[in-house]
Amino acid sequence: MAEEKMGFFKRLVAGLNKTRDNIVSGMDSIFHGFSKIDEDFYEELEEVLIMGDLGVKATYAILDDLRKKVKEQHIKEPIECRQLLIDSIKEQMDVGETAYEFENQTSVVLVIGVNGVGKTTTIGKLAGKMRGQGKKVVLAAADTFRAAAGDQLKEWAHRSDADLIGGQEGADPAAIVYDAVAAAKARKADILLVDTAGRLHNKKNLMEELKKINRVLEREYPEAYRETLVVLDATTGQNALSQAKEFSDVADITGIILTKMDGTAKGGIAVAIQAELGIPVKYIGVGETIDDLQKFDSDEFVQALFTTEEKKEEGEEE
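Source: prediction; values computed, not measured.

Engineer: Explain the pattern of salt bridges here, please?
Structural biologist: Where charged atoms from two side chains of opposite charge approach closely, those side chains can pair. Within this structure, the stated rule accounts for 19 salt bridges. Asp292 serves as the salt-bridge partner of Arg11, at 2.4 Å between the closest nitrogen and oxygen. Here Asp292 lies in the loop between strand E7 (281-285) and strand E8 (293-295) and Arg11 lies in helix H1 (residues 2-15), a separation of 281 residues in the sequence. One salt bridge connects Glu220 with Arg219, and the closest N-O pair in it is separated by 3.1 Å. Overall, the relative accessible area of 55% leaves Arg219 in the exposed class.

Engineer: How should the side chain of Asp65 be read in this particular structure?
Structural biologist: Locating Asp65 in the fold gives a position in helix H4 (residues 56-72). We classify Asp65 as buried; its relative accessible area is 15%. Apart from residues no more than four positions distant in its own chain, Asp65 is found in contact with Ser88 and Glu91.

Engineer: Looking at this structure, I do not really get the packing of helix H3 (residues 39-51) against H4. What am I missing?
Structural biologist: Packed helix pairs are specified by the crossing angle of their axes together with the interaxial distance, meaning the distance between the axes. Look at H3 against H4: their axes get within 10 Å of each other, and the N-to-C directions meet at 150°. Here H3 is positioned roughly antiparallel relative to H4, judged by the angle of their axes. Seen from above, H3 lies across H4 with right-handed handedness. Together, Glu39, Tyr42, Leu45, Glu46, Leu49 and Ile50 of H3 and Val56, Thr59, Tyr60, Ile62, Leu63, Leu66, Arg67 and Val70 of H4 make up the contact between the two elements. In terms of residue class, the contact of H3 with H4 is built from 10 nonpolar, 1 polar and 3 charged.

Engineer: For this particular structure, what's the right way to read the nonpolar core?
Structural biologist: Within soluble globular proteins, side chains that are nonpolar tend to cluster in buried spots. Met27, Ile256, Leu258 and Phe301 are the most contacted members of the largest nonpolar core, which has 84 residues in total. For Phe301, the contacting residues outside a window of four places in its chain are Leu12, Leu16, Met93, Met261, Gly267, Ala270, Val271 and Phe296. Val108, Val181, Ala183 and Ala184 belong to the second-largest nonpolar core, a separate cluster that totals 21 residues.

Engineer: Hey, could you run me through a nonpolar patch on the surface in this one?
Structural biologist: There is a patch of nonpolar side chains on the surface, built from Ile50, Val56 and Tyr60 and spanning about 240 Å² of accessible area. Take Ile50: it is sitting in helix H3. Take Ile50: its relative accessible area is 31%, and that puts it in the partly exposed class.

Engineer: Just checking my understanding: could you explain a negative patch on the surface for this structure?
Structural biologist: Together, Asp40, Glu43, Glu44 and Glu47 line one region of the surface with negative charge. Relative to the assigned elements, Asp40 resides in helix H3.

Engineer: For this particular structure, what's the right way to read the sheet that holds E7?
Structural biologist: By definition, the strands of a sheet pair up through backbone hydrogen bonds, in either a parallel or an antiparallel sense. Strand order in the open sheet made by the 8 strands is E3-E2-E4-E1-E5-E6-E7-E8, with mixed pairing throughout. Each edge of the open sheet is held by one strand with a lone partner, namely strand E3 (163-166) and E8. Between one strand and the next, the sheet's axes are offset by a mean angle of 25°, whatever the strand orientation. Note: E7 against E8, 3 bridges, orientation antiparallel. The residue of E8 that forms the bridge with Gly285 is Leu293. The strands touched by helix H6 (residues 119-132) within the sheet are strand E1 (107-112), strand E2 (137-142), strand E4 (191-196), strand E5 (225-233), strand E6 (255-259), E7 and E8, with E4 carrying the most contacts at an inclination of about 175°. In the packing of helix H9 (residues 203-220) onto the sheet, contacts are made with E1, E2, E4 and E5, and the angle to E1 comes to roughly 175°.

Engineer: Can you walk me through the pairing of E1 in this structure?
Structural biologist: The two faces of a sheet get side chains in turn, since along a regular strand they alternate between them. Of all 6 residues making up E1, 6 are buried, and the element is well covered by its neighbours. The two faces of E1 match: Ser107, Val109 and Val111 on one face and Val108, Leu110 and Ile112 on the other face are all buried. With 5 bridges connecting them, E1 and E4 associate as parallel partners. Bridge pairing in E4 links Leu110 to Val194.

Engineer: Looking at this structure, how should I read the packing of aromatic side chains?
Structural biologist: What characterises a pair of aromatic rings is the spacing of the ring centres plus the angle enclosed by the ring planes. Using the criterion set out here, one finds 5 aromatic pairs in the structure. Judged by centre distance (5.7 Å) and plane angle (75°), the ring pair of Phe34 and Phe41 falls under edge-to-face. Classification of Phe34 as partly exposed rests on a relative accessible area of 21%. A residue is classified by how much of its surface remains accessible, and Phe41, at 0% relative accessible area, is buried. Ring geometry for Phe296 against Phe301: centres 5.3 Å apart, planes inclined by 50°, an arrangement best described as tilted. Across the pair, Phe301 and Phe296 agree in class, each one buried. Among the aromatic residues, those joined into a cluster by ring pairs are Phe31, Phe34, Phe41 and Tyr42. The ring of Trp156 is capped by Arg159, whose NZ or CZ atom sits 4.1 Å from the centre of that ring. Against the face of Tyr100 rests Lys295, its NZ or CZ located 4.5 Å from the ring centre.

Basis of the calculations
Throughout, residues of each chain are indexed from 1 in the direction in which the sequence is written. This being a predicted model, a pLDDT of at least 70 is required before a residue's local features are given, and a value of 80 or more before pairs of side-chain atoms are given or counted; all residues contribute to the totals for chains, interfaces and linings. Only hydrogens and water are removed before side-chain values are computed, so all heavy atoms of the structure are retained for them. We count a salt bridge whenever a side-chain nitrogen from Lys or Arg sits within 4 Å of a carboxyl oxygen from Asp or Glu. Put simply, DSSP marks the helices as runs of H or I at least four residues long and the strands as runs of E at least two long, and each gets a number from the N terminus on. Categorising residues by exposure relies on relative accessible area from a 1.4 Å probe, with only protein chains included: less than 20% of the type maximum marks a residue as buried, more than 50% marks it as exposed, and the intermediate range marks it as partly exposed. Throughout, a contact is declared for two residues whenever any of their heavy atoms are within 4.5 Å. The convention used is that axes are lines fitted to C-alpha atoms, helices contributing only their stretch in contact, and that angles between N-to-C directions extend from 0 to 180 degrees. Should an angle fall under 35 degrees it is called roughly parallel, over 145 degrees roughly antiparallel, and 65 to 115 degrees roughly perpendicular, with every other angle called oblique. For any helix crossing, the convention is left-handed if the near helix is rotated counterclockwise from the far helix by under a right angle, and right-handed if that rotation is clockwise. Under this grouping Gly is polar, as are all residues other than the nonpolar Ala, Val, Leu, Ile, Met, Phe, Trp, Tyr, Cys and Pro and the charged Asp, Glu, Lys and Arg. What is meant by a nonpolar core is a set of buried Ala, Val, Leu, Ile, Met, Phe, Trp, Tyr and Cys residues, joined one to another through side-chain atoms within 4.5 Å. By definition, no residue in a patch forms a salt bridge, and every one has over 30% relative accessible area; like charges are joined within 9 Å, nonpolar side chains (Val, Leu, Ile, Met, Phe, Trp, Tyr) within 5 Å. Surface accessibility in these figures is a Shrake-Rupley result with a 1.4 Å probe; residues are shielded only by whichever protein chains are displayed. A residue counts as positive if it is Lys or Arg and as negative if it is Asp or Glu; His and the chain ends are not included. We put the charge of a Lys on NZ, of an Arg on CZ, of an Asp on CG and of a Glu on CD. Here, any two strands with at least 2 DSSP bridges between them count as paired. Working definition: a ring pair exists when centres of Phe, Tyr or Trp rings (six-membered ring for Trp) sit within 6.5 Å. Plane angles under 30 degrees give stacked, over 60 give edge-to-face, the rest tilted. We call a charge positioned over a ring when the NZ of a Lys or the CZ of an Arg lies within 6 Å of the ring centre and within 35 degrees of the ring normal.

Geometric values such as these leave the question of function open.
In C-alpha coordinates, the structure reads:
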(Lines give C-alpha, C1' and ligand atoms only; values in the text may rest on other atoms or scores of the structure.)
Protein backbone atom coordinates (compact mmCIF):
# COMPACT_ATOMS: atom_id res chain seq x y z
CA MET A 1 0.00 0.00 0.00
CA ALA A 2 2.80 2.40 0.97
CA GLU A 3 4.51 1.59 -2.31
CA GLU A 4 1.33 2.33 -4.29
CA LYS A 5 1.01 5.59 -2.33
CA MET A 6 4.62 6.52 -3.08
CA GLY A 7 4.07 5.67 -6.74
CA PHE A 8 1.07 7.95 -6.78
CA PHE A 9 2.99 10.74 -5.05
CA LYS A 10 5.62 10.56 -7.79
CA ARG A 11 2.88 10.67 -10.41
CA LEU A 12 1.26 13.56 -8.58
CA VAL A 13 4.56 15.47 -8.50
CA ALA A 14 4.98 14.77 -12.22
CA GLY A 15 1.31 15.50 -12.91
CA LEU A 16 1.58 18.91 -11.28
CA ASN A 17 4.57 19.92 -13.41
CA LYS A 18 2.67 22.47 -15.47
CA THR A 19 0.95 23.97 -12.44
CA ARG A 20 4.27 24.10 -10.60
CA ASP A 21 5.94 25.88 -13.50
CA ASN A 22 3.04 28.29 -13.59
CA ILE A 23 2.65 29.08 -9.88
CA VAL A 24 5.72 28.01 -7.94
CA SER A 25 8.42 29.23 -10.29
CA GLY A 26 6.63 32.59 -10.40
CA MET A 27 6.53 32.75 -6.62
CA ASP A 28 10.13 31.68 -6.22
CA SER A 29 11.33 34.38 -8.58
CA ILE A 30 9.47 36.89 -6.37
CA PHE A 31 10.99 35.48 -3.17
CA HIS A 32 14.46 35.71 -4.70
CA GLY A 33 13.88 38.87 -6.72
CA PHE A 34 12.73 41.16 -3.90
CA SER A 35 15.12 42.45 -1.27
CA LYS A 36 12.36 43.55 1.09
CA ILE A 37 8.74 42.77 1.93
CA ASP A 38 6.67 45.71 0.69
CA GLU A 39 3.41 46.37 -1.16
CA ASP A 40 5.00 45.58 -4.52
CA PHE A 41 6.07 42.19 -3.16
CA TYR A 42 2.51 41.35 -2.07
CA GLU A 43 1.05 42.62 -5.34
CA GLU A 44 3.36 40.41 -7.40
CA LEU A 45 2.45 37.38 -5.26
CA GLU A 46 -1.24 38.17 -5.66
CA GLU A 47 -0.88 38.21 -9.43
CA VAL A 48 0.94 34.84 -9.53
CA LEU A 49 -1.68 33.17 -7.31
CA ILE A 50 -4.63 34.52 -9.29
CA MET A 51 -2.99 33.58 -12.60
CA GLY A 52 -2.48 30.08 -11.20
CA ASP A 53 -6.26 29.77 -10.77
CA LEU A 54 -6.31 29.76 -7.00
CA GLY A 55 -9.23 32.14 -7.30
CA VAL A 56 -9.65 35.63 -5.87
CA LYS A 57 -11.19 34.55 -2.57
CA ALA A 58 -8.47 32.03 -1.72
CA THR A 59 -5.71 34.39 -2.88
CA TYR A 60 -6.89 37.24 -0.64
CA ALA A 61 -7.29 34.92 2.34
CA ILE A 62 -3.81 33.44 1.80
CA LEU A 63 -2.19 36.86 1.49
CA ASP A 64 -4.05 38.28 4.51
CA ASP A 65 -2.77 35.33 6.51
CA LEU A 66 0.77 35.87 5.19
CA ARG A 67 0.74 39.59 6.08
CA LYS A 68 -0.42 38.73 9.59
CA LYS A 69 2.33 36.13 10.11
CA VAL A 70 5.02 38.43 8.68
CA LYS A 71 3.96 41.11 11.17
CA GLU A 72 3.66 38.79 14.17
CA GLN A 73 6.97 37.04 13.51
CA HIS A 74 8.83 40.23 12.51
CA ILE A 75 9.94 38.66 9.24
CA LYS A 76 12.14 40.83 7.07
CA GLU A 77 13.41 38.52 4.32
CA PRO A 78 11.11 37.64 1.38
CA ILE A 79 12.55 34.10 1.15
CA GLU A 80 11.31 33.40 4.69
CA CYS A 81 7.78 33.84 3.39
CA ARG A 82 7.97 30.70 1.25
CA GLN A 83 7.12 28.21 4.00
CA LEU A 84 4.53 30.57 5.50
CA LEU A 85 2.82 30.78 2.13
CA ILE A 86 2.82 26.98 1.78
CA ASP A 87 1.24 26.68 5.25
CA SER A 88 -1.41 29.27 4.36
CA ILE A 89 -2.35 27.41 1.19
CA LYS A 90 -2.70 24.18 3.22
CA GLU A 91 -4.94 25.97 5.72
CA GLN A 92 -7.14 27.30 2.91
CA MET A 93 -7.64 23.78 1.66
CA ASP A 94 -8.54 22.25 4.96
CA VAL A 95 -12.27 21.55 5.04
CA GLY A 96 -12.06 19.34 8.11
CA GLU A 97 -12.05 15.56 8.00
CA THR A 98 -12.77 14.65 4.38
CA ALA A 99 -15.37 11.91 4.59
CA TYR A 100 -15.17 8.67 2.71
CA GLU A 101 -18.06 7.30 4.74
CA PHE A 102 -19.68 5.75 1.70
CA GLU A 103 -16.83 3.28 1.41
CA ASN A 104 -17.63 1.77 4.78
CA GLN A 105 -21.33 1.12 4.40
CA THR A 106 -24.01 0.20 1.90
CA SER A 107 -24.22 3.28 -0.25
CA VAL A 108 -25.41 4.94 -3.44
CA VAL A 109 -22.97 7.26 -5.17
CA LEU A 110 -24.48 9.60 -7.77
CA VAL A 111 -21.87 10.94 -10.18
CA ILE A 112 -22.65 14.12 -12.11
CA GLY A 113 -20.62 16.03 -14.69
CA VAL A 114 -20.94 17.61 -18.12
CA ASN A 115 -19.86 15.66 -21.19
CA GLY A 116 -16.15 15.64 -21.90
CA VAL A 117 -14.87 15.87 -18.32
CA GLY A 118 -14.13 12.15 -18.08
CA LYS A 119 -17.18 11.31 -15.96
CA THR A 120 -17.90 7.81 -17.28
CA THR A 121 -14.22 6.84 -17.19
CA THR A 122 -14.00 8.14 -13.62
CA ILE A 123 -16.98 6.00 -12.59
CA GLY A 124 -15.25 3.01 -14.16
CA LYS A 125 -12.09 3.76 -12.19
CA LEU A 126 -14.08 4.17 -8.96
CA ALA A 127 -15.76 0.82 -9.62
CA GLY A 128 -12.32 -0.73 -10.14
CA LYS A 129 -11.02 0.74 -6.88
CA MET A 130 -14.03 -0.51 -4.92
CA ARG A 131 -13.73 -3.98 -6.47
CA GLY A 132 -10.06 -3.88 -5.51
CA GLN A 133 -11.17 -3.45 -1.90
CA GLY A 134 -13.28 -6.59 -2.27
CA LYS A 135 -16.58 -4.75 -2.47
CA LYS A 136 -19.58 -5.80 -4.54
CA VAL A 137 -20.37 -3.06 -7.05
CA VAL A 138 -23.43 -2.40 -9.21
CA LEU A 139 -23.19 0.25 -11.94
CA ALA A 140 -26.29 2.08 -13.17
CA ALA A 141 -25.99 3.55 -16.67
CA ALA A 142 -28.47 6.38 -16.14
CA ASP A 143 -26.77 8.82 -18.53
CA THR A 144 -29.12 7.79 -21.32
CA PHE A 145 -28.77 10.91 -23.45
CA ARG A 146 -25.29 10.19 -24.66
CA ALA A 147 -25.18 7.24 -27.00
CA ALA A 148 -21.62 6.25 -26.16
CA ALA A 149 -22.00 6.46 -22.36
CA GLY A 150 -23.69 3.05 -22.04
CA ASP A 151 -21.08 1.29 -24.21
CA GLN A 152 -18.24 2.97 -22.36
CA LEU A 153 -19.66 1.95 -19.00
CA LYS A 154 -20.20 -1.60 -20.27
CA GLU A 155 -16.49 -1.77 -21.09
CA TRP A 156 -15.54 -0.51 -17.61
CA ALA A 157 -18.02 -2.85 -15.89
CA HIS A 158 -16.41 -5.74 -17.72
CA ARG A 159 -12.91 -4.52 -16.84
CA SER A 160 -13.70 -4.00 -13.17
CA ASP A 161 -15.93 -7.07 -12.81
CA ALA A 162 -18.97 -5.04 -11.72
CA ASP A 163 -22.63 -5.64 -12.61
CA LEU A 164 -24.13 -3.16 -15.08
CA ILE A 165 -27.79 -2.18 -15.21
CA GLY A 166 -29.25 -0.13 -18.06
CA GLY A 167 -27.39 1.37 -20.94
CA GLN A 168 -30.26 1.77 -23.42
CA GLU A 169 -30.17 5.11 -25.17
CA GLY A 170 -33.24 7.24 -24.50
CA ALA A 171 -34.48 5.14 -21.54
CA ASP A 172 -35.84 6.91 -18.47
CA PRO A 173 -32.94 7.48 -16.04
CA ALA A 174 -35.14 7.14 -12.94
CA ALA A 175 -36.45 3.78 -14.25
CA ILE A 176 -32.87 2.55 -14.68
CA VAL A 177 -32.05 3.64 -11.13
CA TYR A 178 -35.15 1.77 -9.93
CA ASP A 179 -33.93 -1.44 -11.64
CA ALA A 180 -30.39 -0.89 -10.37
CA VAL A 181 -31.59 -0.54 -6.75
CA ALA A 182 -33.50 -3.83 -7.09
CA ALA A 183 -30.35 -5.47 -8.48
CA ALA A 184 -28.14 -3.97 -5.75
CA LYS A 185 -30.48 -5.31 -3.06
CA ALA A 186 -30.83 -8.76 -4.65
CA ARG A 187 -27.06 -9.09 -5.05
CA LYS A 188 -26.33 -7.58 -1.63
CA ALA A 189 -24.07 -5.00 -3.27
CA ASP A 190 -21.93 -2.70 -1.11
CA ILE A 191 -21.96 0.19 -3.55
CA LEU A 192 -24.34 1.33 -6.26
CA LEU A 193 -22.59 3.78 -8.61
CA VAL A 194 -24.95 5.84 -10.75
CA ASP A 195 -23.79 7.60 -13.93
CA THR A 196 -26.16 10.54 -14.43
CA ALA A 197 -26.51 13.02 -17.27
CA GLY A 198 -24.92 16.40 -16.75
CA ARG A 199 -26.54 18.94 -19.02
CA LEU A 200 -25.87 22.25 -17.39
CA HIS A 201 -27.14 24.34 -20.27
CA ASN A 202 -30.57 22.98 -19.43
CA LYS A 203 -30.59 23.19 -15.67
CA LYS A 204 -34.34 22.81 -15.28
CA ASN A 205 -34.35 19.40 -17.00
CA LEU A 206 -31.33 18.28 -15.03
CA MET A 207 -32.95 19.37 -11.78
CA GLU A 208 -36.16 17.48 -12.59
CA GLU A 209 -34.22 14.37 -13.53
CA LEU A 210 -32.15 14.43 -10.33
CA LYS A 211 -35.31 14.98 -8.28
CA LYS A 212 -36.91 11.92 -9.87
CA ILE A 213 -33.79 9.83 -9.23
CA ASN A 214 -33.66 11.06 -5.62
CA ARG A 215 -37.33 10.19 -5.09
CA VAL A 216 -36.70 6.65 -6.33
CA LEU A 217 -33.71 6.29 -4.00
CA GLU A 218 -35.57 7.71 -0.99
CA ARG A 219 -38.49 5.38 -1.57
CA GLU A 220 -36.69 2.20 -2.64
CA TYR A 221 -33.35 2.40 -0.85
CA PRO A 222 -33.73 4.58 2.26
CA GLU A 223 -31.18 2.53 4.19
CA ALA A 224 -28.33 3.37 1.78
CA TYR A 225 -25.82 6.11 2.58
CA ARG A 226 -25.94 8.87 -0.05
CA GLU A 227 -23.01 10.53 -1.76
CA THR A 228 -23.16 12.95 -4.71
CA LEU A 229 -19.91 13.63 -6.52
CA VAL A 230 -19.29 16.12 -9.33
CA VAL A 231 -16.59 15.37 -11.89
CA LEU A 232 -14.75 18.45 -13.15
CA ASP A 233 -11.99 18.86 -15.71
CA ALA A 234 -9.09 20.68 -14.03
CA THR A 235 -7.78 21.92 -17.39
CA THR A 236 -10.78 24.28 -17.64
CA GLY A 237 -9.69 26.22 -14.53
CA GLN A 238 -12.19 28.88 -13.49
CA ASN A 239 -14.80 27.29 -15.76
CA ALA A 240 -14.63 24.17 -13.57
CA LEU A 241 -15.30 26.36 -10.54
CA SER A 242 -18.38 27.92 -12.12
CA GLN A 243 -19.63 24.44 -13.12
CA ALA A 244 -19.22 23.31 -9.51
CA LYS A 245 -21.26 26.33 -8.38
CA GLU A 246 -24.03 25.60 -10.89
CA PHE A 247 -24.20 21.94 -9.97
CA SER A 248 -24.40 22.81 -6.29
CA ASP A 249 -27.51 24.87 -7.16
CA VAL A 250 -29.29 21.79 -8.50
CA ALA A 251 -27.96 19.03 -6.24
CA ASP A 252 -26.64 18.49 -2.74
CA ILE A 253 -22.99 18.00 -3.69
CA THR A 254 -20.89 16.14 -1.13
CA GLY A 255 -17.60 16.07 -3.01
CA ILE A 256 -15.61 16.90 -6.13
CA ILE A 257 -13.52 14.69 -8.39
CA LEU A 258 -10.92 16.64 -10.39
CA THR A 259 -9.71 14.91 -13.55
CA LYS A 260 -6.83 15.69 -15.93
CA MET A 261 -4.68 17.32 -13.27
CA ASP A 262 -1.65 16.11 -15.19
CA GLY A 263 -2.57 18.09 -18.29
CA THR A 264 -2.98 21.51 -16.76
CA ALA A 265 -1.19 24.56 -15.45
CA LYS A 266 -4.42 25.38 -13.59
CA GLY A 267 -4.05 22.84 -10.75
CA GLY A 268 -4.59 25.70 -8.32
CA ILE A 269 -8.30 25.27 -9.07
CA ALA A 270 -8.32 22.56 -6.36
CA VAL A 271 -7.56 25.31 -3.83
CA ALA A 272 -10.15 27.68 -5.31
CA ILE A 273 -12.98 25.12 -5.24
CA GLN A 274 -12.46 24.25 -1.58
CA ALA A 275 -12.03 27.89 -0.55
CA GLU A 276 -14.98 29.24 -2.55
CA LEU A 277 -17.51 26.45 -2.08
CA GLY A 278 -16.38 24.62 1.03
CA ILE A 279 -16.97 21.36 -0.86
CA PRO A 280 -14.08 18.95 -0.45
CA VAL A 281 -12.14 17.67 -3.42
CA LYS A 282 -12.32 13.92 -2.69
CA TYR A 283 -10.46 12.39 -5.62
CA ILE A 284 -8.03 13.59 -8.25
CA GLY A 285 -6.96 11.97 -11.49
CA VAL A 286 -3.42 12.41 -12.81
CA GLY A 287 -3.47 9.90 -15.65
CA GLU A 288 -5.31 7.14 -17.47
CA THR A 289 -5.06 4.05 -15.26
CA ILE A 290 -7.25 3.05 -12.31
CA ASP A 291 -4.33 3.81 -9.95
CA ASP A 292 -4.15 7.34 -11.30
CA LEU A 293 -7.42 8.16 -9.56
CA GLN A 294 -6.62 8.63 -5.89
CA LYS A 295 -8.11 10.09 -2.75
CA PHE A 296 -7.19 13.72 -2.45
CA ASP A 297 -4.99 14.72 0.43
CA SER A 298 -4.49 18.48 0.66
CA ASP A 299 -1.18 18.19 2.55
CA GLU A 300 0.16 15.82 -0.06
CA PHE A 301 -1.13 18.02 -2.87
CA VAL A 302 0.57 21.16 -1.56
CA GLN A 303 3.76 19.21 -0.82
CA ALA A 304 3.79 17.84 -4.38
CA LEU A 305 3.09 21.29 -5.77
CA PHE A 306 6.12 22.75 -3.98
CA THR A 307 8.47 19.82 -4.56
CA THR A 308 11.48 21.22 -6.43
CA GLU A 309 13.76 19.26 -8.74
CA GLU A 310 16.32 18.51 -5.99
CA LYS A 311 13.56 17.29 -3.66
CA LYS A 312 12.14 15.09 -6.42
CA GLU A 313 15.51 13.41 -6.89
CA GLU A 314 15.94 12.91 -3.14
CA GLY A 315 12.49 11.28 -3.03
CA GLU A 316 13.47 8.93 -5.84
CA GLU A 317 16.68 7.90 -4.13
CA GLU A 318 15.00 7.07 -0.81
